[in-house]
Amino acid sequence: MAGMVPDQTPATSGDGYRRVVGPLLLPTWAMIGIFLVVPVALMAVYSFLTKEFRGGVDWQFSLAAYDQFFLNRGLFGDEPPVMEWTYITIFWRSIWQAAVATALCLAIGFPTAWFIATRPANTRGIWLFLITIPYWVNLLIRTVSLKFLIRDNGPLNEALMGAGLIDGPLPLVNTNLAVQLGLFYSYLPFMVLPVYAAVERYNFAYSEAAADLYASRWVTLREIVLPIVKPGIVAGCLLVFIPSLGAFLAPDLLGGAKTFMIGSLIDEQFKGSLGNWPFGAAVSMILMTLVMIALLVYARSTAKGGAA
Amino acid sequence: MSDAIDIRRVVKRYGTFTALHGVSLTIRDNEFFTLLGPSGCGKTTLLRMIAGFEDVTQGEILLFGQNIAGLEPDHRPVNTVFQNYALFPHMSVLDNVAFGLKMKGMAAGPRRARAGKMLEMVHLSAFADRLPAQLSGGQQQRVALARALAPEPRVLLLDEPLSALDLKLRQAMRVELKQLQEDTGITFIFVTHDQEEALTMSDRIAVMSAGHVQQIGSARDIYEAPVNRFVADFIGETNLLEVEVASVQAGMARVVLPGGQQVTCPSATDTLGRHALSIRPERLSLIAAEGDMTATVERVVYLGTDLQLLMRLDGGADMQVRIQNSARTDVPQIGARLGLRIEEGAARLLAD
Ligand SMILES: Nc1ncnc2c1ncn2[C@@H]1O[C@H](COP(=O)(O)OP(=O)(O)OP(=O)(O)O)[C@@H](O)[C@H]1O
Ligand SMILES: [Mg+2]
């Protein structure tokens, strides 16, 4: 047996299987190491270093980045520390913007996914393809285009005024709404695809059984369909919410000073001599920690719900 | 007795394919009515139209005298035990059974109590908290039954509800279902392709084939007096012989057997000429002397309680004979030439 070449070993026999798969897993471990562990470790380390004035860091331990985030010591840093609200406000605003964008994506994405999943099997591929086509264009270009569409003398406002629905242009650019629209447009397919996958697997015999047992359409949706396709919805919401939270293109291009978000804050710390690498790293760490805690809380709550 | 369901010349087309060709049936209140037929004959289609999941292409369906064409499924006093169960995968067994009651607005307390009772009835009380995926096929089927019965529908539609059970359990469930139907007085429309199931449980049976109803009647009617080849062949086993009709009068025909002898038998036709004669294998007896026909034993198949003899008539046609396998039976030798006597009421002349 020892001399046997691996590809003759039946894949089901435990030892042989492991012997073959072990080396084959190397690329996976390499991927995880290079693209996940190393960057996150670097970020964690940098957040505890000292800022260097031309950008970059001095290799000297410091809590200054976290201090700057949470505490306000006055303009010259000599007053007694009080709570710093600036960055927490930015966090809160970002969470709100991302939540609205996620809700928008769900409101539009769920019916879209439902529509595609209920088409005849041979046409679903075409619909999915159509959904993805706009996303072949670079995100920057799409976001700028959106700005052109909604600006004061853009096609949307011109059309509305032409139709006599409004007297002056709607001030859309530089508002929260514009940012939310931008995020919604950026991440919509991340909602549609997982929800589609879940609805496509849904067995419509359950809906018939519910109707047979006197459930109306809405009740069937609420009591049967949504709980069964929930994993797809949760996946879609995460895939939209998390990148929305850290997005900076849409807020930068479509928003203004009042819509400043975490992504832009981090982005600024790594630009030119005005940046602050340790602070950018610290903000990223705090954001990541928050997201992880939220995910853990969610996972625990569903694990409990499933067992009850 | 009033009519629970009146199906009038119902046609169902899927595109160019016609699944039902003008089916007419009347099902009485409190009746155990069975739709029996081979796979693909349209049994499920008919059931789904009664439940409201399929549109009726032509014709109409009356439920207790009311045309239900415009009624959505959730407004029909009809529950279904689905062929694939369709238990809600995210709900416990108890919640599945209680679902219909919840939809009818029953409060949580009485609802759980009644669902518990239903589970007791199908012997699944111990499984109330499990998810459907944690049950065997047979257990799932019984949950589906309890779920459909819980809201006390006026009509229960059962689409092959016993098909996933093993023989022993199936036989036990047949008795229980029949008992349940008599106790509750609910009209049962039971779909099966298992003729034994149909014969043992039903008040009346509709035999279907290829979208047509071939015959409606009690188990005895259908077995003893099949109207055509399909019914005679599908229900039980039979020998079909091409015979010449010598005379026919008042439902009795005199026919010429392949050997030349003549017998008189009940007839489903009143025309002369060549027709099919159906003879049940268990109603032929073997005799040493010349009988109504003479045949040679070609094979003997051991079936346990019975012996099945495959014989060849002198005229060339094949003939099956079934004899009881008692201790005193002397097993015929292969190649033996024996006489066959057609017992009283064993043969019937068919219409086509
Ligand atoms: N949605 C549909 N589209 C096209 N043809 C269909 C559809 N549903 C059923 N049929 C056809 O209608 C015929 C009757 O189907 P049905 O399901 O009623 O058969 P059945 O008698 O219940 O068979 P089984 O015993 O296998 O369940 C079949 O030939 C089937 O292929
Ligand atoms: Mg069927």
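Reading guide: rules and limits
- Residues numbered from 1 in each chain as written.
- Chains lettered and ligands numbered in written order.
- Predicted model: local features only at pLDDT ≥ 70, side-chain atom pairs only at ≥ 80, totals over all residues.
- Heavy atoms only, no water.
- Helix = DSSP H or I, 4+ residues; strand = E, 2+ residues; numbered from the N terminus.
- Buried < 20%, exposed > 50% of the residue type's maximum accessible area, 1.4 Å probe, protein only.
- Areas by Shrake-Rupley, 256 points an atom, 1.4 Å probe, with all protein chains shown as cover.
- Contact = heavy atoms within 4.5 Å.
- Buried area = accessible area lost by both parts, 1.4 Å probe.
- Salt bridge = Lys/Arg side-chain N within 4 Å of Asp/Glu carboxyl O.
- Polar contact = N/O pair within 3.5 Å; in protein donor to acceptor, adjacent residues only side chain to side chain.
- Nonpolar A, V, L, I, M, F, W, Y, C, P; charged D, E, K, R; others polar.
- Core = buried A, V, L, I, M, F, W, Y, C linked by side-chain atoms within 4.5 Å.
- UniProt positions renumbered as here; feature names shortened; annotations may be inferred.
- Domains from an automatic or database assignment.
- Donors = N, O, S within 2.8 Å, 3.2 Å for Na, K, Ca; no water.
- Pairing = 2+ DSSP bridges.
- Axes fitted to C-alpha atoms, helices over the stretch in contact; angles between N-to-C directions.
- Near = heavy atom within 4 Å.

Asker: What is the right way to look at the overall build of chain B in this model?
Answerer: When you go through chain B residue by residue, the secondary structure sums to eight helices and 20 strands. On the principal axes, the C-alpha backbone points of chain B span a range of 75 × 50 × 40 Å. Every one of the 352 residues in chain B was classed for burial, and the buried ones make up 50%. Accessible surface, chain B: about 15,900 Å² in total, of which carbon and sulfur atoms supply 48%.

Asker: Which parts of the structure should I look at to understand the interface of chain A and chain B?
Answerer: Many authors give the size of an interface as the accessible area that is lost as the parts come together. Every contact between the two is made by 17 residues of chain A and, on the other side, 26 residues of chain B. The largest per-residue losses of area from chain A upon contact with chain B belong to D212, L213 and Y214 of chain A, which jointly make up 42% of the total buried on that side. Applying the counting criterion to the chain A and chain B interface returns three salt bridges. Across the pair R217 of chain A and E72 of chain B runs a salt bridge, and its minimum N-O distance is 3.1 Å. Where chain A touches chain B, the interface holds eight residue pairs in polar contact (both at pLDDT 80 or more). Of all the secondary-structure elements, those providing two or more residues to the side of chain A that touches chain B are helix 9 (205-212) and helix 10 (217-245) of chain A. Counting residues per element, the side of chain A that touches chain B draws most heavily on helix 9 of chain A, at seven residues. Of the residues belonging to the side of chain A that touches chain B, the class tally is 12 nonpolar, one polar and four charged.

Asker: Explain the nonpolar core here, please?
Answerer: If you look at soluble globular proteins, the nonpolar side chains tend to sit buried side by side. Counting residues in each nonpolar core, the largest one holds 74 residues, and the members touching the most others are I5, I7, L35, L46, F88, F99 and I189 of chain B. Examining the composition of this core, we find that 12 residues originate from one element, helix 8 (residues 176-201) of chain A, more than from any other. Excluding residues that lie within four positions of it along the chain, F88 of chain B makes contacts with Y206, A209, A210, L213 and I224 of chain A together with N96, F99, P132 and R147 of chain B. In terms of nonpolar packing, the next biggest core, distinct from the first, is built from 35 residues, V93, A98, L149 and F188 of chain B among them.

Asker: What exactly am I supposed to notice about the UniProt feature "domain: ABC transmembrane type-1" (unreviewed entry) in chain A here?
Answerer: Under the local residue numbering, the UniProt record ascribes the feature "domain: ABC transmembrane type-1" (unreviewed entry) to residues 91-298 of chain A. Summarising residues 91-298 of chain A: 76% helix, 0% strand, and an end-to-end C-alpha distance of 20 Å.

Asker: I'm lost on the domain arrangement of chain B in this one. Help?
Answerer: For chain B, the assigned domains are domain 1 (3-224) and domain 2 (237-349). Summarising the inter-unit geometry, the C-alpha centres of domain 1 of chain B and domain 2 of chain B are found 39 Å apart.

Asker: For this particular structure, what's the right way to read the coordination of the magnesium ion (ligand 2)?
Answerer: Where a metal carries four tetrahedral donors, each ideal angle is 109.5 degrees; where it carries six octahedral donors, the ideal angles are 90 or 180 degrees. Taken together, the protein donors to the magnesium ion (ligand 2) comprise T44 of chain B (OG1) and Q83 of chain B (OE1), at separations of 1.8 to 2.6 Å. Linking T44 of chain B in helix 1 (residues 43-51) with Q83 of chain B in the loop between strand 6 (78-81) and helix 2 (93-103), this pair joins segments that are 39 residues apart in sequence.

Asker: What exactly am I supposed to notice about the sheet that holds strand 16 (residues 293-302) of chain B here?
Answerer: The strands making up a sheet associate through hydrogen bonds between their backbones, and the pairing can be parallel or antiparallel. Residues and elements named next belong to chain B. Taken in spatial order, the five strands line up as 15-19-16-17-18 in an open sheet, and their pairing is antiparallel. Pairing within the sheet leaves two strands with one partner each, and these edge strands are strand 15 (284-287) and strand 18 (318-324). Pairwise comparison of adjacent strand axes, ignoring direction, gives a mean angle of 45° for this sheet. Bridge analysis of strand 15 against strand 19 (residues 337-342) gives four bridges, and the strand direction is antiparallel. Bridging from a neighbouring strand, I287 pairs with G339 of strand 19.

Asker: Got a minute to help me understand the environment of T294 of chain B in this structure?
Answerer: Residue and element names in this part refer to chain B. Turning to its location among the elements, T294 is positioned in strand 16. For T294, a relative accessible area of 12% translates into the label buried. As a C-alpha pair, T294 and C265 span 29 residues in sequence and 19 Å in three-dimensional space. The contact partners of T294, leaving out residues within four places of it in the chain, are R312, L313, D314, R337 and L338.

Asker: Help me understand the UniProt feature "transmembrane region" (unreviewed entry) in chain A, please; the structure alone is not making it clear to me.
Answerer: Residues and elements named next belong to chain A. Per the UniProt record, "transmembrane region" (unreviewed entry) is found at residues 24-49, 95-116, 128-150, 177-199, 232-250 and 277-299. For the annotated span residues 128-150, helix accounts for 74% and strand for 0% of the residues, and the straight-line distance between the end C-alpha atoms is 27 Å. End-to-end, the C-alpha atoms of residues 277-299 are 33 Å apart, and along that stretch the chain is 100% helix and 0% strand.

Asker: Help me understand the UniProt feature "domain: ABC transporter" (unreviewed entry) in chain B in this model?
Answerer: Here the UniProt feature "domain: ABC transporter" (unreviewed entry) sits at residues 5-235 of chain B. Across residues 5-235 of chain B one finds 36% helix and 27% strand; the C-alpha atoms that close the span lie 25 Å apart.

Asker: Could you clarify how one ought to interpret the pattern of salt bridges in this entry?
Answerer: Pairing between side chains of opposite charge can happen when the charged atoms of each approach one another. Here the structure, examined in full by the defined rule, presents 26 salt bridges over all chains. A salt bridge links D6 of chain B to R8 of chain B; the nearest nitrogen and oxygen atoms lie 3.1 Å apart. Its relative accessible area of 15% is what places D6 of chain B among the buried residues. The partly exposed category is assigned to R8 of chain B, whose relative accessible area is 32%. Each of E208 of chain A together with K12, R48 and E54 of chain B takes part in a single network of salt bridges with overlapping partners.

Asker: Just to check I follow, could you spell out the site of ligand 1 for this structure?
Answerer: Residues and elements named next belong to chain B. As a structural note, the neighbourhood of ligand 1 is formed by 13 residues, with S39, G40, K43, T44 and T45 the closest of them. Here G42 contributes a backbone N or O atom positioned 3.0 Å from an oxygen atom of ligand 1. At 2.6 Å, a side-chain N or O of T44 approaches an oxygen atom of ligand 1. With the chains in place, 62% of the 640 Å² that ligand 1 exposes on its own is no longer accessible. If you list the elements that add at least two residues to the shell around ligand 1, you get strand 2 (17-28) and helix 1. Here the shell around ligand 1 takes three residues from helix 1, the largest share from any one element.

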